[in-house]
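What follows is each chain in one-letter form.
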Amino acid sequence: MLLGSVLILAGLSVAAPFVHRALGRFSGYALAAGPAFVFIYLASQLGGVSAGQAVVEATAWVPGLGVNLDFRLDGLALLFSMLISGIGTLIVLYASGYLQGHPLQGRFYCYLLAFMTSMLGLVTADNILLLFIFWELTSITSYLLIGFDHDKPEARKSALQALVITGLGGLSLLAGLILLGIMAGTWNLTEIIETEGLTDHALWPGALACLFLGAATKSAQFPFHFWLPNAMAAPTPVSAYLHSSTMVKAGVYLVMRLNPAFWDDPAWSWTLTGFGGTTMVVAALLATRETQFKKVLAYSTVSSLGIMVMFTGLSGTGIGGDPSYAEYGVKAAVAYLLAHALFKACLFLVAGTVTHETGIKDVEKLGGLFGSMKVTAVCGVVGGLSMAGVPPLLGFVGKEYMLKAATHPNGIGDSIFGLSSAGVITAAVFFAAALTVMVSLLVGWRPFFSPKAPHEDEVQGHEPPRIMQLGPVLLAGLSIIIPFTPFMFATDLASAAVSSVAGEVQKGAEYALLYVGGGGEEVAHGKATFGMGISDVFHPFTLPFALSILAIGVGAVLYVQRAAWRHWYTKVASAINPIGPERNYERIFAGTMKFADWQTGLLQNGYLRTYIKVVLVATTALLAATLWRAYDEGHFQIVTPESRDMAALEMMLLTMIGLAAIICTQYRSRLSTVAALGVVGYGVALTFVLLGVPDIAMTQFAIETLTVIIFVLVVYHLPRFNLYTSNAGRVFDGVVALAFGAAMSLLVLLAADEEVPFERISAWMGEKSYTEAYGRNVVNVILVDFRVMDTMGEIVVLGLAAIGVYTLLRLRRGQVAELRPVSSTLDPRNLEDVVGARPEPDEPGGASDTPEKEGGTA
C-alpha cells in the first residue's frame, strides 16, 4: 500500500486541474481527501511499527541493474509520512480559501500534490537510487511552487536560486549515494545501514563529503542557509508546507536515516554537530534583524533545522561521549522535529492569514488585531509560545530534551578550542533559545496585543473564512493537547522514530539496539521509549529547566529592547554582509552567467560547421587520449591487416573518391561542390558492391541520389557563394578532418584485430536470429532487434528530413522574404543582410517580442 499511496497522490496531482475546473471552489475539499486517506492508512500502521515491525514492499523495476521499487515504513518513515500527509491535508484545505478565485488555482493544486508525492516517496524509499529520484522531484516541484507567481521577478529569482543550490546539492548526493552503494555492494538502503565497516572503507571520506553537501543544501545549513528565507516569495501555503514541515526537513531525514551506519565515526558526528550548531546560532541571529512576517519565521526555521542536525550528530559516540549518552541526542532531535512541524506550520498559516486580511507583511506595522481576529490571534499566541518553549506546550517538551542532552554529564568528551565541548554546546543552545523567544514574541504577540501606532489606525483586520482557520486551530490544539495526552499516539510515534534513528538492526521480527540509553531511561521490547508529555520533562529543580526559564526571561528582555539590539546588530552585519555567503553566491552566479554567455557565443553561435567542428575535435581528443593510455599500458598493439593485391577497379574507385574529396574543398560553386560530394558517395557505394554487400550498396545509392537532389533544390534558392573562412581556418579544418579520419581508421584496425568468440559475425547473426529473435529474415532481425536503437534513430532522422523536404517543396513565392544576392561587404552573421529585412512587430506578419537568434549562411 506504500506504492499505492504514492500513486494515489501522483494521480491526484495529474487530475487536479481538471477537478478544479469541474468543482470550482469545492475542488480543495475533494483533493484533500487523497492525503487524508493516506494519513489514515499510515495511522493504522502505528501499532505494528511501534512494536518493532516494519512494512516492506518490493516491486521489480530494472532488475538487471538491481534497481527496484523498494519501500519501507519504519518509525522514522512513519513520523515523516504522517507529517507530510497530515499537514498536507490541512494545507490543501487552507489553499482552497487563500487562493480562492486565483486563475491558476488548479495548477497550484497540481504542483502541491506533486510535491507531496515526491516527499512521501522520498521518506519511504528503501532503494538509494529511488530515493535520489524522489529527492530531485522535490527540487523540481518546489521550484514550480516557489515561482508560482511567475509574473513577479522576485519569485522567479528565488525559485531559480533554490533550484540551483538544491540541484547542485542533489548532484553531490548522487555521487555520495553511488559511492555508498559501491562500498556496501548493494543499492538497498536497509542493507547499507546494516553493513559493518563502512567508515573504514577508502571511499568513506568522499562519500561523507558528498552526502553531507546534499543534505546541507536541501536543509539550508550554513553556508547555504540564505536560499530558504528568499524562497518566502512563494504563496503562504507553500511556505507553511515546504519550508516548515516537509522539503527543508528532507536533509534532516537523510542524516537521521543514515545515522545508524555512521554514528560511531568522529568525522560524521563532528560534521553534523559543527555545521548544525553554526546554523542554529547564525540563523537565530539573522531572524532577529527581520521584520517581515514570513522572513522572520523562515530564519527561525533555518535555526531549528540546525538544531535537528546538531543533535543528530550529538547522538554519535564518535565525538568522545559515553555510549550511554547516545540516545539523548536522538530524543532531542526527534522531539523537536515533531514540535517544530506543528508550531511552525501553525505560525506560517497565521502569518498568511494576517497578511491576506490586512495586506501588511511587516510585523512592526501591525498591532491590536486581537479584537477583530480572535481565533487567529489565539492560534498565533499558542504557536509563538510553543516556539519559545513556554510550558506546558509541546515546544517546551522539545526544548527540554535539547537542554537535557546538552547538559548531560555523560555527553561530549572532547574540547573545542581548548574549551569544554559540553559547555560550548550548552551556551550555543541557550543563546539560540533566548533569541528564539525574542522572535516568538515578535510574530506571536506583537501583531495581536501590542498597541497600534498612530499610522496603524487604518489597518483593519477580520477573521478569514473558516476553512482557513481549520489548519491553525488544529495545529495549535495539538501543541496543547499532546503534552497532556502523549499516550494517545505521540509517545509511540516518537519512540518508534527514535528507535530507527538510534541505530537498530532488524533481525527477523524483532529489533536489537546497537546502543541503548542509560541513566535510568526505559528500554522495553527491544526499542527505546520515551515520553512526549509535560510530566516527562517538567522537573523544576534541574539545570535544563533553569536554563529554559532563564532563556525565556532573556528573550523577553531582548524583545522589549529590540530597537537597540537591531541598531547594534546592523552595524556588525553591515561589515559582514559584503563577504557573506549570499553575496558570494551572487558573484559566482553572475560570473557563471558571463562565462555561459561567452561559451554560448563561441560554441553555439548558430553555425552548423561550428557544431560539427566541436564534435569532431572533442571526439578525436578523447579517442586519442584513451588509445594512448591503453597503448602505453600495453593493453593492445597496433597490427596492420595482411596485405593483398588490389584490383585495378578498386584502385580506380579509391583514387576517384580521394580526388573528389579534395576537389569539393576547392570549388567556389555550390552546384559543383554538390556534384563532387555525389562522386564521393557513389564511389563508396561501388566499393560496397565490390566487397559483396549489395543491400548496403543499394541503400547508399538511394540515399546519395536523394541527397544530391535535395541539395540541388535547396542551393538553387541560396544567394551567391562567398568564401568567409580564412586561410588559417581552412588549414585548421583540414587538420581536424585528417586527425578524425586517422582516429577512425585506427579504431577499424583495432576492431579487426579484436578476438571474438566466433569466427564470423555473419554466422553468429544467422544463428541467433531464429533462436533468440525468432525471425527467419536475418537482415530484418538485425535492423529491428540487434540494432533496434540505431534503426529507430535512423527512422527519426529520415522522418525529420522528409518533413523538411516536404516543407521546402510546399513553399511558394510570397510566403517567405525575397532572397537577394549577398554583397561581399555584408556581415554573414547578420541574417537580415542575407535574406532581407524582416517585417517589424507591428506590421502584418511581423514577429513577436521573442528575441531573434542569429544565424549563419552556407
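A brief report on the enclosed structure follows. (Residues numbered from 1 in each chain as written. Predicted model: local features only at pLDDT ≥ 70, side-chain atom pairs only at ≥ 80, totals over all residues. Heavy atoms only, no water.)

**Considering empty space enclosed by the protein**
Summary: where empty space remains is shown by rolling a probe the size of a single water molecule over the atoms. According to the stated counting rule, one finds 8 cavities of 30 Å³ or more in the structure shown. Size it by volume and the second largest cavity reaches roughly 100 Å³. Lining the second largest cavity we find Ser 303, Ile 307, Tyr 336, Met 387, Ala 388, Gly 389, Gly 395, Lys 399, Met 402, Ala 432, Ala 433 and Thr 436. Looking at the lining of the second largest cavity, the elements with two or more residues in it are helix 14 (293-314), helix 16 (374-388), helix 17 (394-406) and helix 18 (421-444). Residue composition of the lining of the second largest cavity, by class: 7 nonpolar, 4 polar and 1 charged. (1 Å grid on protein atoms, 1.4 Å probe; cavity = no way out; pocket = protein on both sides within 12 Å on 5 of 7 lines; lining within 4 Å. Points joined across faces, edges and corners; volume = space filled by probe spheres on them. Helix = DSSP H or I, 4+ residues; strand = E, 2+ residues; numbered from the N terminus. Nonpolar A, V, L, I, M, F, W, Y, C, P; charged D, E, K, R; others polar.)

**Digging into the nonpolar core**
Within soluble globular proteins, side chains that are nonpolar generally end up buried alongside one another. Phe 108, Trp 227, Leu 228, Tyr 241, Phe 311 and Val 429 are the most contacted members of the largest nonpolar core, which has 194 residues in total. For this core, the leading source of residues is helix 15 (residues 326-358), giving 21 residues. Sequence-distant contacts of Phe 108, that is, excluding residues within four places in its chain, are made with Ala 95, Leu 99, Leu 145, Phe 148, Pro 235, Pro 237 and Val 238. (Core = buried A, V, L, I, M, F, W, Y, C linked by side-chain atoms within 4.5 Å. Buried < 20%, exposed > 50% of the residue type's maximum accessible area, 1.4 Å probe, protein only. Contact = heavy atoms within 4.5 Å.)

**Section: the environment of Phe 108**
Locating Phe 108 in the fold gives a position in helix 5 (residues 105-124). In the structure, Phe 108 is positioned 40 residues away from Phe 148 in sequence and 7.4 Å away in space, judged by C-alpha atoms.

**As for the pairing of strand 2 (residues 67-73)**
With 6 of 7 residues buried, strand 2 lies mostly within the body of the structure. Note that strand 1 (residues 55-62) and strand 2 share 7 bridges and pair antiparallel. Paired with Val 55 across the strands is Leu 73, a residue of strand 2. (Pairing = 2+ DSSP bridges.)

**Considerations on the packing of aromatic side chains**
Scanning the model with the defined rule gives 19 aromatic pairs in all. Here the aromatic rings of Phe 26 and Tyr 29 are separated by 6.4 Å at their centres, their planes lie at 40 degrees, and the arrangement is tilted. Members of the aromatic cluster, joined through ring pairs, are Phe 108, Tyr 109 and Phe 148. We note Arg 25 situated over the ring of Phe 26; from NZ or CZ to the ring centre the distance is 5.0 Å. (Phe/Tyr/Trp six-rings, centres within 6.5 Å; stacked < 30°, edge-to-face > 60°. Lys NZ or Arg CZ within 6 Å of the ring centre and 35° of its normal.)

**A look at unusual backbone geometry**
At the junction of Phe 222 and Pro 223, the peptide bond is cis and its omega measures out at 10 degrees in the coordinates. Tracing the sequence through the fold places Pro 223 in the loop between helix 9 (204-218) and helix 10 (227-230). Across the junction of Pro 391 and Pro 392, the peptide omega takes the value 10 degrees, indicating a cis bond. Looking at the secondary structure, you find Pro 392 in the loop between helix 16 and helix 17. Unlike most non-glycine residues, Ala 220 shows phi in positive territory, near 55 degrees. Along the chain, Ala 220 falls in the loop between helix 9 and helix 10. Its identity as a non-glycine residue notwithstanding, Tyr 774 has a phi of 60 degrees, on the positive side.

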